[in-house]
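Survey of secondary and tertiary structure
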Amino acid sequence: APTHIFTKWVTGNRQSPNFDGGRMLEYPIGVVIEERQAVVSDQQCGVGLHVFRRGQRPEWLGLCEATHDYIESLVEVASEDICFAGLPGNDAKLRVKKLKVLT
């Protein structure tokens, strides 16, 4: 497909939860966010915007406690903007170059 819908977990004020210690970004609805330095590679935690496959939760990957108060935001990503789509057994979290915040 030309585009895909993924989940971006955000805080109540729509900021990145910073699971990997990167910089804090805001994810307001309707905005397109791009990380221009992101490149395609086999590195899950390289430069880019991190999203989850729909239905995946950050606590299942050990990124936070199950009692978190993050909210699920849906984002749209073009196929050509996917930089890391996962490896066998490691495909719940992806890295992308650009996304559009839908919800």
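See the structure printed just above.
I will try to describe carefully the structure that is included in this document. (Residues numbered from 1 in each chain as written. Predicted model: local features only at pLDDT ≥ 70, side-chain atom pairs only at ≥ 80, totals over all residues. Heavy atoms only, no water.)

1. Observations regarding the layout of surface pockets
Reported here for the largest pocket is a volume of approximately 400 Å³. The wall of the largest pocket is formed by 21 residues, among which Asn18, Gly22, Arg23, Gly48 and His50 lie closest to the centre. Those elements that provide at least two residues to the lining of the largest pocket are strand 1 (3-10) and strand 3 (49-52). Of all the elements, strand 3 adds the most residues to the lining of the largest pocket, at three residues. Broken down by class, the residue content of the lining of the largest pocket amounts to nine nonpolar, seven polar and five charged. (1 Å grid on protein atoms, 1.4 Å probe; cavity = no way out; pocket = protein on both sides within 12 Å on 5 of 7 lines; lining within 4 Å. Points joined across faces, edges and corners; volume = space filled by probe spheres on them. Helix = DSSP H or I, 4+ residues; strand = E, 2+ residues; numbered from the N terminus. Nonpolar A, V, L, I, M, F, W, Y, C, P; charged D, E, K, R; others polar.)

2. Description of the pattern of salt bridges
Under the criterion given, the structure shown has three salt bridges. Its salt-bridge partner being Glu34, residue Arg36 comes within 4.0 Å of it at the nearest N-O pair. Note on Arg36: relative accessible area 67%, which makes it exposed. The exposure class assigned to Glu34 is partly exposed, which follows from its relative accessible area of 34%. Glu59 is the partner of Arg57 in a salt bridge, and the nearest nitrogen-oxygen pair spans 2.6 Å. (Salt bridge = Lys/Arg side-chain N within 4 Å of Asp/Glu carboxyl O. Buried < 20%, exposed > 50% of the residue type's maximum accessible area, 1.4 Å probe, protein only.)

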